[in-house]
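Residue strings, one per chain:
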Amino acid sequence: MIIDPRERLIVALDVPSVAAAQALVERLGDAVVFYKIGYQLAFAGGLALTQELVDAGKRVFLDLKLHDIANTVARGVESVARSGASFLTVHGYPQTMHAAVEARGDAPMRILAITVLTSYNDADLAAAGYDFTVPELVAERAAQARDIGIDGLVASAEEAKRLRPIIGPRMVLATPGIRPHDVEAGDQKRIMTPAAAIKAGADYLIVGRPVIAATDPKAAADAMVAEIARARGDEAA
């Protein structure tokens, strides 16, 4: 899979308004070509921003983490597929994944499954009633996603190396919890640097605070792209 280093960086628009997102996108300019819209922005009117970004030549990852009865998931996926988004997330439960894949049909949008949230550790899973460790549950959901026909996974970078043999070369791995050496972990419990994540097998890196909260977001994004390119052995983007 040949992916331009700049396209491997997905910047999370974790801001409170469409106006703030538009200002950030303008400030980042051509440094970033792929953006993620999650709950915070989506519920503040950000879903309409998808078409605006697509029209501007950007790619959009709608991180909506769908999980409901099959019919509800299917109708939601059909709507999102018409939006121009490149990626959509669903939770990695078999019924949910089946419904999403079937509803997506021939649309070019990729469905990515959430294995285990990167803010969870083994204790969190036990508290939620799971009799699995994080690596065990991630591996179980990865195998199910592969068999169902999901296009990729969202999983922590530390799991990427273990997941690639399970899912094979065609499924993509998008990894949150990316932090440069000089940035605090925050609420992420399973983190990795950009270079280490790429070397571990990640295809896309999802980055929020290290870029959007930086003094110079464009410079922070450029630095991450350069680190990705070096890790891949590519020429500088």
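Scroll up for the structure.
Rules behind the numbers
Residues numbered from 1 in each chain as written. Predicted model: local features only at pLDDT ≥ 70, side-chain atom pairs only at ≥ 80, totals over all residues. Heavy atoms only, no water. Helix = DSSP H or I, 4+ residues; strand = E, 2+ residues; numbered from the N terminus. Buried < 20%, exposed > 50% of the residue type's maximum accessible area, 1.4 Å probe, protein only. Areas by Shrake-Rupley, 256 points an atom, 1.4 Å probe, with all protein chains shown as cover. Lys, Arg positive; Asp, Glu negative; His and termini not counted. Charge placed at Lys NZ, Arg CZ, Asp CG, Glu CD. Phe/Tyr/Trp six-rings, centres within 6.5 Å; stacked < 30°, edge-to-face > 60°. Axes fitted to C-alpha atoms, helices over the stretch in contact; angles between N-to-C directions. Parallel < 35°, antiparallel > 145°, perpendicular 65-115°, else oblique. Left-handed = near helix turned anticlockwise from the far one by under 90°. Contact = heavy atoms within 4.5 Å. Salt bridge = Lys/Arg side-chain N within 4 Å of Asp/Glu carboxyl O.

## Overview of the overall build of the protein chain
Piece 1. In terms of helices and strands, the protein chain carries 11 helices and 8 strands.
Piece 2. C-alpha extents for the protein chain along the principal axes are approximately 45 × 35 × 35 Å.
Piece 3. Burial analysis of the protein chain (237 residues in total) assigns 51% to the buried set.
Piece 4. On the protein chain, roughly 10700 Å² of surface is accessible, and the fraction owed to carbon and sulfur atoms is 52%.
Piece 5. The centroid of the 25 positive side-chain charges in the protein chain is displaced by 2 Å from the centroid of its 30 negative side-chain charges.

## Looking at the packing of aromatic side chains
Piece 1. Scanning the entire structure with this criterion turns up 5 aromatic pairs.
Piece 2. Geometrically, the ring pair formed by phenylalanine 34 and tyrosine 204 is edge-to-face, given 5.9 Å between the ring centres and 85° between the ring planes. Residue phenylalanine 34 is located in strand β2 (residues 34-37), and its partner tyrosine 204 is located in strand β8 (residues 204-207); the two are separated by 170 residues in the primary sequence. Across the pair, tyrosine 204 and phenylalanine 34 agree in class, each one buried.

## So, the environment of proline 180
Piece 1. With respect to the helices and strands, proline 180 occurs in the loop between β7 (172-175) and α9 (194-200).
Piece 2. Judged by its relative accessible area of 18%, proline 180 falls in the buried class.

## What to know about the packing of helix α5 (residues 94-104) against helix α7 (residues 134-148)
Piece 1. Remark: α5 packs on α7, axes separated minimally by 10 Å, with the N-to-C direction vectors making an angle of 30°. Here α5 is positioned roughly parallel relative to α7, judged by the angle of their axes. As for how α5 packs across α7, the hand of that crossing is right-handed. On the side of α5, the interface is formed by Pro94, Met97, His98 and Val101, while α7 contributes Arg141, Gln144, Ala145 and Ile148.

## Quick word on the pattern of salt bridges
Piece 1. Scanning all chains against the criterion turns up 9 salt bridges.
Piece 2. Across the pair arginine 164 and aspartate 203 runs a salt bridge whose closest N-O atoms are separated by 2.8 Å. Pair noted here: arginine 164 is in helix α8 (residues 157-167) and aspartate 203 is in the loop between α9 and β8, with a separation of 39 residues, a long-range link.
Piece 3. Using a relative accessible area of 21% as the deciding quantity, one classes arginine 164 as partly exposed.
Piece 4. Classification of aspartate 203 by relative accessible area gives buried; the value is 9%.

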